[in-house]
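Okay, here's what each chain looks like letter by letter:
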Amino acid sequence: MSILKQQDEYILEVEDVKKYFPIKKGVFSKQVGSVKAVDGVSFQVRKGETLGIVGESGCGKSTMARLILRLLDVTDGRIKLEGKDVTTLPKQDMRAIRRNIQMVFQDPYASLNPRWTVERTLLEPMKVYDIGTKNERRDKVSELLNKVGLDPSYAKRHPHEFSGGQRQRIGIARALVLNPKLIIADEPVSALDISVQAQVINLMQDLQDQYNLTYMFITHDLSVCEHISDRVAVMYLGKVVELASKDQLFSNPLHPYTLALISAAPEVNDAQKKERIVLKGDVPSPANPPKGCAFHTRCPSCMEICKVETPVLNEIESGQYVACHLYE
Ligand code: SF4
């Protein structure tokens, strides 16, 4: 079933996207298989909302971000930004598109040039896109530092002179400098102390209201996801297994994998939480995913059909999509 409705209100539409990385062996580099990092993913992001993408490491969530930014090309499927298919767009035309999508990275220190001052870090994108006069750019730097809670006098400092939380504030200011429409945040708080995480998340929420931003927020942390998301897509082994509003997902999770994740998260929804479900084994390799439902090797509710037939994402409740044979 298509989960795309009323195209106009979406800033981002991902339609049955696949990304397979070839596995090559031997002197002739013969392809002997492929790693199915993203395997038929569909979702959409509405203007002004935050879509949380949650899952364990290796589930394909970061690859998905790179595909949207066209840092990688899709193997199959389409990605549309404001209705424009970017998967077939010539690389030179991506420059204009990239201005509207910015990224906030997990490690703020690694993502900032250690030799550049904060001012240069924030000025550079404006220079590249030829935005404003010299004075206007400098004003913008001061304005953004203020907005992210840093003193504008810090503009002359280098990244090593800041704490982790402050560096992430600089990373957020850099993402805002070109007035993007969509920000993809890939684990933006997981490298920060718990107390700082809350500050950075609150800052991102404030900025979302002020600048009418849309977020795609990638995280492995369900409590962070619950705090910031409007809707949540749960990924497992390259596929979306459940997609629902935050309230639906946390009060009435349906997919066995979502149930297990929520039961294991320490701070999520304690009132609703049932017994902890401990999943057996590790996530299988995406180079050799199990047949049928990719979760069947760890699923406490596995049935015979699950071992042979891949479940498709179906709308079970209004706005709540689940890929599981239990609901067919
Ligand atoms: Fe579990 Fe079967 Fe549902 Fe997969 S399809 S999650 S194995 S019950």
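Residues numbered from 1 in each chain as written. Predicted model: local features only at pLDDT ≥ 70, side-chain atom pairs only at ≥ 80, totals over all residues. Heavy atoms only, no water.

S.K.: Describe helix H4 (residues 118-128), naming the residues involved and giving the relevant values.
M.R.: Of all the positions in H4, only Val-118, Glu-119, Thr-121, Leu-122, Leu-123, Pro-125 and Met-126 are classed as buried. On its buried side, H4 packs onto helix H5 (134-147) and helix H6 (164-176). Just downstream of H4, Asp-130 is the residue with a positive phi angle, here 55°. (Buried < 20%, exposed > 50% of the residue type's maximum accessible area, 1.4 Å probe, protein only. Helix = DSSP H or I, 4+ residues; strand = E, 2+ residues; numbered from the N terminus. Contact = heavy atoms within 4.5 Å.)

S.K.: Outline the pattern of salt bridges, supporting the account with residue identities and numerical values.
M.R.: Tallying each qualifying case throughout the model produces 16 salt bridges. Note that Glu-187 and Lys-61 form a salt bridge whose closest N and O atoms lie 3.9 Å from each other. In this pair, Glu-187 is assigned in the loop between strand S7 (182-186) and helix H7 (194-211) and Lys-61 in helix H1 (residues 61-68), connecting sequence segments 126 residues apart. What emerges from the salt-bridge pattern is a single network uniting Glu-15, Arg-78 and Lys-80. (Salt bridge = Lys/Arg side-chain N within 4 Å of Asp/Glu carboxyl O.)

S.K.: An account of the site of the ligand is needed here, citing residue identities and associated values.
M.R.: Near the ligand, the surroundings consist of His-255, Pro-256, Cys-293, Phe-295, His-296, Cys-299, Ser-301, Cys-306, Pro-311, Cys-324, His-325 and Leu-326. Counted by class, the shell around the ligand contains 8 nonpolar, 4 polar and no charged residues. (Near = heavy atom within 4 Å. Nonpolar A, V, L, I, M, F, W, Y, C, P; charged D, E, K, R; others polar.)

S.K.: How would you sum up the side chain of Arg-298? Please name residues and give values.
M.R.: In this fold, Arg-298 is placed in the loop between helix H10 (256-264) and strand S11 (314-317). Separated by 3.1 Å, the side chain of Arg-298 and the backbone oxygen of Lys-280 make a polar contact. Apart from residues no more than four positions distant in its own chain, Arg-298 is found in contact with Glu-56, Tyr-236, Leu-279, Lys-280, Gly-281, Asp-282, Val-283 and Pro-284. (Polar contact = N/O pair within 3.5 Å; in protein donor to acceptor, adjacent residues only side chain to side chain.)

S.K.: Give me the lowdown on the sheet that holds strand S4 (residues 76-81), citing residues and values where you can.
M.R.: Taking strand neighbours across the sheet as the criterion, the 4 strands line up as S2-S1-S4-S5 in an open arrangement whose pairing is antiparallel. In this open sheet, the two edge strands, each paired with only one partner strand, are strand S2 (30-46) and strand S5 (84-85). Contacts from H1 reach strand S1 (10-25), S2 and S4 within the one sheet, and its direction differs from that of S1 by about 110°. (Pairing = 2+ DSSP bridges. Axes fitted to C-alpha atoms, helices over the stretch in contact; angles between N-to-C directions.)

S.K.: Account for the state of the cysteines, with residues named and values stated.
M.R.: Counted under the stated rule, the structure contains 0 disulfides. Cysteine Cys-302 shares no disulfide, and the gap to the nearest cysteine sulfur, in Cys-306, comes to 4.6 Å. By relative accessible area, Cys-302 is classed as partly exposed at 28%. (Disulfide = S-S within 2.5 Å.)

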